[in-house]
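Each chain, letter by letter, is given below.
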Amino acid sequence: MKLHSWFLALHRSPVIAVIRAPEFTVGLEMAKAAVAGGIQLVEITWNSDRAADLINHLRQKLPNCLIGAGTLLTLEQEQQAIAAGAQFLFTPHVSAQLIHNALCQQVPIVAGALSPSEIVQAWQAGATCVKVFPVQALGGATYIQSLQGPLGHIPLIPTGGVTLKNTPDLLQAGAVAVGLAGDLFPKEVIQQGKWMAITHRAKALMESLQGCRQNGTIANDNG
């Protein structure tokens, strides 16, 4: 995938549904529910049940979405994710090896970092974007905003403590997108199989973001 296409996708839908599926079929339903609510980017964590099969299946079932892999720790996992059809990659850490391999295969990679030094390290290693994790540990939107002065040229995607409520604040603070997990997929909702409830949550979020863009509280071009 060309980088322009990746950033265009983030601009159109700056929310990534992060799915850690306890069962293959549950992962399918979680993804379909989120997409039905307007989310176009779905990350399957590598510690999900049958992660590679899930990515491959979703690529076929949701051709208008981008399906990626997350929580990648090793080169072997990354290679398997790419072979399964992952269109973007997330790591919880900075690995020059994983970044280099992804870029050689033209797959966008978002490396995990927290401190300014780690963020710069990830960017200088060639990361497409930098995942700021766990963002709430250092103040959420306030932390993202404070990074804009010295590091505003680096596209940041916060995860860890991101909620439906604070997503607009994080985007307004300068994030190019957010990774949304637990608050989009409450455990009790998953356990009860109330997929429509997830769709409603996703739809409400995406509509609120569109409203924020229209009134100018979120920029119309995240770069």
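The numbering scheme is per chain: residues are counted from 1 as the chain's sequence reads. Thresholds applied to this predicted model are a pLDDT of at least 70 for local features of residues and 80 or more for the giving and counting of side-chain atom pairs; totals over whole chains, interfaces and linings are not thresholded and use all residues. Computation of side-chain values: all heavy atoms of the structure, hydrogens and water removed.

A. Expanded view of the state of the cysteines. In what follows, a disulfide is any cysteine sulfur pair within 2.5 Å. Evaluation of the coordinates by the stated rule reveals 0 disulfides. Lacking any disulfide linkage, Cys-65 is separated from the closest cysteine sulfur, that of Cys-129, by 18 Å. Here the term buried applies to any residue with accessible area under 20% of the maximum for its type, exposed to any over 50%, and partly exposed to those in between, with areas from a 1.4 Å probe on protein chains only. For Cys-65, a relative accessible area of 9% corresponds to the buried category.

B. Summary view of the packing of aromatic side chains. Planes of paired rings set the category: under 30 degrees apart is stacked, over 60 is edge-to-face and the rest tilted, where pairs are Phe, Tyr or Trp rings (Trp by its six-membered ring) whose centres lie within 6.5 Å. Under the defined criterion, the tally for this structure stands at 2 aromatic pairs. Considering the side-chain rings of Trp-6 and Phe-88, the 5.1 Å spacing of their centres and the 40° angle between planes classify their relative orientation as tilted. Highlighted residues: Trp-6 in helix H1 (residues 3-12) and Phe-88 in the loop between helix H4 (75-84) and strand E4 (89-91), separated in sequence by 82 residues. Judged on exposure class, the residue Trp-6 and its partner Phe-88 are both buried. Ring geometry for Phe-88 against Phe-90: centres 5.9 Å apart, planes inclined by 75°, an arrangement best described as edge-to-face. Each member of the pair, Phe-88 as well as Phe-90, carries the same accessibility label: buried. A connected cluster of aromatic rings, assembled from ring pairs, spans Trp-6, Phe-88 and Phe-90. Either the NZ atom of lysine or the CZ atom of arginine qualifies as a charge over a ring when it sits within 6 Å of the ring centre and within 35 degrees of the ring normal. Across the ring face of Phe-24, the terminal group of Arg-50 is positioned such that the distance to the ring centre comes to 4.0 Å. Only DSSP runs of H or I with at least four residues qualify as helices, and only runs of E with at least two residues qualify as strands; both kinds are numbered from the N terminus onward.

C. Looking closely at the pattern of salt bridges. Here, a salt bridge means any side-chain nitrogen of Lys or Arg that lies within 4 Å of a carboxyl oxygen of Asp or Glu. Counted under the stated rule, the structure contains 3 salt bridges. Note that Lys-32 and Glu-29 form a salt bridge whose closest N and O atoms lie 3.5 Å from each other. In this pair, Lys-32 and Glu-29 are both assigned in helix H2 (residues 24-36), 3 residues apart and thus about one turn of the helix distant. Lys-32 gets classed as partly exposed once you look at its relative accessible area, which sits at 42%. Note on Glu-29: relative accessible area 27%, which makes it partly exposed. Between Asp-183 and Arg-201 there is a salt bridge, with the nearest N and O atoms lying 3.5 Å from each other. You can see Asp-183 sitting in the loop between strand E8 (178-180) and helix H9 (187-192) and its partner Arg-201 sitting in helix H10 (residues 195-214), a full 18 residues away along the chain.

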